[in-house]
There are 2 protein chains.
Amino acid sequence: MKPLSATDNLFLMLEKRQQPTHIAGLQLYDFPEGAPANYVSRFAEELRQYNQPVAPFNQRVTYRFGRPYWKADSQFDLEHHFRHVALPKPGRIRELLALISAEHSNQMDRERPLWESYLIEGFKGRRFAVYSKQHHALMDGVSAMRLGTKMLSTDPNERNMPPVWAFDLKSKSDAKLTNRLDATTLVAAARAGIRNNLTAIPHVAKAVRDAWRKSKTDSAYTSIFQAPQCVLNDRITGSRRFAAESFSLARIRAIAKAFDATINDVVLAICGSALRDYLLDQNALPDQPLIAAIPVSLREDESIGGNQIVTILANLGTHTPDPAQRIQIVKASVQEAKQRMKTMSQQEIMAYTALMLTPAGMQMLTGLIPRWQAFNVLISNVPGPKQPLYWNGARLRGMYPVSMPLDRLALNITILSYHDQLEFGLTACRRTLPSMQRMLMHLESGIEALEVAAGLSCSHRNEMELSW
Amino acid sequence: MKPLSATDNLFLMLEKRQQPTHIAGLQLYDFPEGAPANYVSRFAEELRQYNQPVAPFNQRVTYRFGRPYWKADSQFDLEHHFRHVALPKPGRIRELLALISAEHSNQMDRERPLWESYLIEGFKGRRFAVYSKQHHALMDGVSAMRLGTKMLSTDPNERNMPPVWAFDLKSKSDAKLTNRLDATTLVAAARAGIRNNLTAIPHVAKAVRDAWRKSKTDSAYTSIFQAPQCVLNDRITGSRRFAAESFSLARIRAIAKAFDATINDVVLAICGSALRDYLLDQNALPDQPLIAAIPVSLREDESIGGNQIVTILANLGTHTPDPAQRIQIVKASVQEAKQRMKTMSQQEIMAYTALMLTPAGMQMLTGLIPRWQAFNVLISNVPGPKQPLYWNGARLRGMYPVSMPLDRLALNITILSYHDQLEFGLTACRRTLPSMQRMLMHLESGIEALEVAAGLSCSHRNEMELSW
């Protein structure tokens, strides 16, 4: 019996019907070459043989004197966790995303190990899908993604590869998962944990006052005080909509080069463009630009390891119809925010982040209204595997993060790089943000607009069908 | 806000991971004549239009000062409750029952109205299935079955028929659901509610003493003290196995006539035969005959209405290999038990039933060991619709009850009559009773053995594939 960490427990405490705190990943695979039509059924039989899960997949939450502990599940039942299901006809992306949307709305069974894995057949074109759902208390999104790719191989001929719940991480020497917290963790921790950071507040008050003063004199400056009110920040319900799309990394790189910007800048500008178009459709675009919270690395050279990840706020430039102007606004606001972070100590950064992310924290210092919101949307851009990966000969065609909207943060956008693609996963409250899946088309339009603005040829198309 | 009845609340209190307290029904339909291949998808679209559920399907449980109430769900989300899913290939009964087994293992979301309905496509042979799951707190099994058939029509040409959650019972004059409690309710209420019946115990003590005395002198007499220890009465886990089969009512009637027995007697004898064969396979057949608890009507003429339903114990004759002897034992024990009930007042019957059904109650009076069990298995035989029914032109081909094993009652057998069939639904803990689905074959063998013993021609075969 091992006690849950404070962060893990946080996600149990934050969970409610309107706000389930699980995360997931969707992987799309091609059938291996020469596989028979009933390949998925056979594969399901194979996977069922792995009925002895390794930690943490065999651990469930138990309480002792009111404190939560991890404990091995003595009644582990693989049939609850591993499910072989099929898409209704005609088995398009539309049916797949509908299934994921429905399953992602369901809270997990707290009395069992907090994971589920769906092997999905009936996906047309000799493909299948895997939807892997974990409670955030079990594993954060980045760790789940890394574990889910560590178990894969660059060798299309490798076989007898176990599923993730039976994959012994220790058997791979390079496979140590970092303890990097994902953006969702930071936000949730900040929202709930502000009291723990109170001791750091004196260090931070000056930075807050500086930001406040600057916001009044410098209109181009993205302060932490200017996120507009927006439908994105209404209360959420328990209904989820998931939408996903792959875009060519080469297209994004070409745009970044043309504007002397980073990949991350381009991603944010595209998101800004899509949010603008979506909110215009909904007749709900604020006059002021939307503000995104994004986790970034403060190190210029990421190869030396030990990333220092902080959450900064970026101006998405949604107020302007001009794509070139938008990307310049994004770029400037990201650079400015990084610069500010670099002048602060680690403790100051933590406390500052907490203040920035939590309305309660801000209210304490400023006396602003509770409805006040420091940012409108959470956008995470996570580096993923650079080479094509295979699972028992099945090529991983795409992988999409399915994340966690929070109350007053009805949309989560997580982007993952994989081989030559950028994989966008959009997870939202279906009621707060109706027809959110249209954002996929708006993302494509956003890329095309930047290509036109940069004078690039606009010939590439995205890889998945836009079938919604 | 309406408070939950004590019985409804009981099922919330009894629920735990190992013992979910929901029940369900599985209906199999033929496609309507001339329906296109994508009929089920279209039908799903139609059903999604019914997004305003009627009571009780719009009610969720809420707590006020620690007491549970029913309250309309202001965030009702049909996509959580109605799900369009597909069977993996090849879409046989095997895949269907595997899906039902898995879904029936999942606890329901207590924060939402306590029902789910699955429209299942990919069932081979131009068929589809509907799995309707309700928490027992919302509706007992018999009421659910009746409601689920009231909404159907005997007219194959009727259209625009709503799903059960939008079916307004009040619009049909004859549609009042009786308040008849099903057997599961009786058992659960007796187990948990024994204290409430304490005042009646003096009235009952004499009957108990009589039974005890008689059990010592009359070996053919089914007392309430002779249920043998059996694997059927081990602790259960949360894993379910569901198995179902249709048998020809004409075959059962012919056997009943040959042995001058009731349909119910024959059903019990067949169950006894199948249990004997199954337990022999498992090397776990007790020397003493198994005892079943069964709800019966005390009225000879059921047409006058106002059934008086009581739960009696019947000797299943599992100790003998002779089918003719077995049915005579069943018949005698049922008659004797009914006779005893008729000499008791309603209050005495209630209290007696409570004592009989609850080990705790018995222990109070007898000082027997806690492991003591009054009976081994719960068998309910419920009369259903006599005519073929249709839903928007789709003929109802079969309907099977999916019930609720309880701790120390690892198997529930519920039988439903429909048109010219007897529909057997067997629900068990998959771990306590491995390969329980083999009981389906043993049921068929049991019928054949009785046909041979009665000198009947044994030409009929059951209607569903025995594909496990």
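Residues numbered from 1 in each chain as written. Chains lettered and ligands numbered in written order. Predicted model: local features only at pLDDT ≥ 70, side-chain atom pairs only at ≥ 80, totals over all residues. Heavy atoms only, no water.

Caption draft 1: A look at the pattern of salt bridges. What the rule picks out here adds up to 30 salt bridges over all chains. Measuring nitrogen to oxygen at the nearest pair gives 2.6 Å for the salt bridge that ties E95 of chain A to R92 of chain A. Judged by relative accessible area, R92 of chain A falls into the partly exposed class, the value being 26%. A salt bridge links D30 of chain B to R397 of chain B; the shortest N-O distance between them is 2.6 Å. One end of the pair, D30 of chain B, is in strand β2 (residues 22–30); the other, R397 of chain B, is in strand β13 (residues 394–402), with 367 residues separating them in the sequence. (Salt bridge = Lys/Arg side-chain N within 4 Å of Asp/Glu carboxyl O. Buried < 20%, exposed > 50% of the residue type's maximum accessible area, 1.4 Å probe, protein only. Helix = DSSP H or I, 4+ residues; strand = E, 2+ residues; numbered from the N terminus.)

Caption draft 2: Here's a closer look at the relation of the copies chain B and chain A. Of the transformation placing chain B onto chain A, the axial shift is 0.0 Å and the rotation is 180°, giving an RMSD of 0.0 Å. Look at the turn and shift together and you get a two-fold axis relating the two. Minimal C-alpha separation from the rotation axis in chain B is found for A86 of chain B, amounting to 2.5 Å. Taken as a fraction of all interface residues of chain B, those also at the interface in chain A reach 100%, which identifies the copy contact as same-surface. (Least-squares fit on C-alpha atoms with pLDDT ≥ 70 in both. Contact = heavy atoms within 4.5 Å.)

Caption draft 3: Representation of the environment of V85 of chain B within the structure. With respect to the helices, strands and loops of the structure, V85 of chain B is situated in strand β5 (residues 82–86). Overall, V85 of chain B belongs to the buried group, its relative accessible area being 14%. Separated by 41 residues in the primary sequence, V85 of chain B and A44 of chain B place their C-alpha atoms 9.7 Å from one another. Sequence-distant contacts of V85 of chain B, defined by excluding residues within four places in its chain, comprise P88 of chain A together with L99, Y118, L119, I120 and E121 of chain B.

Caption draft 4: Spotlight on the side chain of R430 of chain B. Tracing the sequence through the fold places R430 of chain B in the loop between β15 (421–429) and α13 (439–453). Among the residues examined, R430 of chain B registers a relative accessible area of 13% and is labelled buried. A distance of 2.8 Å separates the side chain of R430 of chain B from the side chain of D77 of chain A, its partner in a polar contact. Engagement of the side chain of R430 of chain B in a polar contact is seen with the backbone oxygen of R240 of chain B, the distance being 3.2 Å. Residues in contact with R430 of chain B, not counting those within four places in the same chain, are D77 and E79 of chain A together with S239, R240 and R241 of chain B. (Polar contact = N/O pair within 3.5 Å; in protein donor to acceptor, adjacent residues only side chain to side chain.)

Caption draft 5: A look at the packing of helix α9 (residues 263–281) of chain B against α13 of chain B. All names here are of chain B. It is at 8 Å that the axes of α9 and α13 come closest, and there the two elements cross at 125°. Here α9 is positioned oblique relative to α13, judged by the angle of their axes. Regarding α9 and α13, the two cross each other, and that crossing is right-handed. On the side of α9, the interface is formed by V266, A269, I270, C271, S273, A274, L275, D277, Y278 and D281, while α13 contributes M439, H442, L443, S445, G446, I447 and L450. (Axes fitted to C-alpha atoms, helices over the stretch in contact; angles between N-to-C directions. Parallel < 35°, antiparallel > 145°, perpendicular 65-115°, else oblique. Left-handed = near helix turned anticlockwise from the far one by under 90°.)

Caption draft 6: How the structure looks around the pairing of strand β5 (residues 82–86) of chain A. All names here are of chain A. Summarising burial for β5: 5 of the 5 residues are buried, a large majority. On β5, burial covers both faces: F82, H84 and A86 on one face and R83 and V85 on the other are all buried. Judged from the 5 bridges that link them, β5 and strand β6 (residues 115–123) form a sheet pairing that is parallel. When the bridges of β6 are listed, H84 appears paired with L119. Crossover connection from β5 via helix α4 (residues 93–104) to parallel β6: handedness right-handed. (Pairing = 2+ DSSP bridges. Right-handed = clockwise from strand over helix to strand, strands pointing away.)

Caption draft 7: Region of the structure containing unusual backbone geometry. With omega at 0°, the peptide bond leading from A55 of chain B into P56 of chain B counts as cis. Structurally, the position occupied by P56 of chain B is in the loop between α2 (39–48) and β3 (59–64). The omega torsion of the bond from K89 of chain B to P90 of chain B falls at 0°, within 30 degrees of zero and hence cis. Tracing the chain through its elements places P90 of chain B in the loop between β5 and α4 (93–104). The backbone phi angle of F65 of chain A is positive, close to 50°, even though this residue is not glycine. Its place among the elements puts F65 of chain A in the loop between β3 (59–64) and β4 (67–72). The exposure class of F65 of chain A is exposed, given its relative accessible area of 82%.

Caption draft 8: Summary view of the packing of aromatic side chains. All names here are of chain A. Per the counting criterion, the structure on display carries 28 aromatic pairs over all chains. Their ring planes at 15° and their centres at 5.6 Å tell us that Y39 and F43 sit as a pair that is stacked. Pair noted here: Y39 and F43 are both in helix α2 (residues 39–48), with a separation of 4 residues, about one helical turn. Overall, the relative accessible area of 11% leaves Y39 in the buried class. The exposure class assigned to F43 is buried, which follows from its relative accessible area of 2%. Ring centres of F57 and W115 lie 5.4 Å apart, and the angle between their planes is 85°; this geometry places the pair in the edge-to-face category. Of the two residues, F57 is situated in the loop between α2 and β3 and W115 in strand β6; the sequence distance between them amounts to 58 residues. The exposure class assigned to W115 is buried, which follows from its relative accessible area of 2%. Feature note: the residues Y29, F31, Y39, F43, F128 and W391 constitute an aromatic cluster, connected by ring pairs. A cation sits over an aromatic face here: R127 above F123, 4.0 Å from the ring centre. (Phe/Tyr/Trp six-rings, centres within 6.5 Å; stacked < 30°, edge-to-face > 60°. Lys NZ or Arg CZ within 6 Å of the ring centre and 35° of its normal.)

Function cannot be read off these values alone, since they describe shape.
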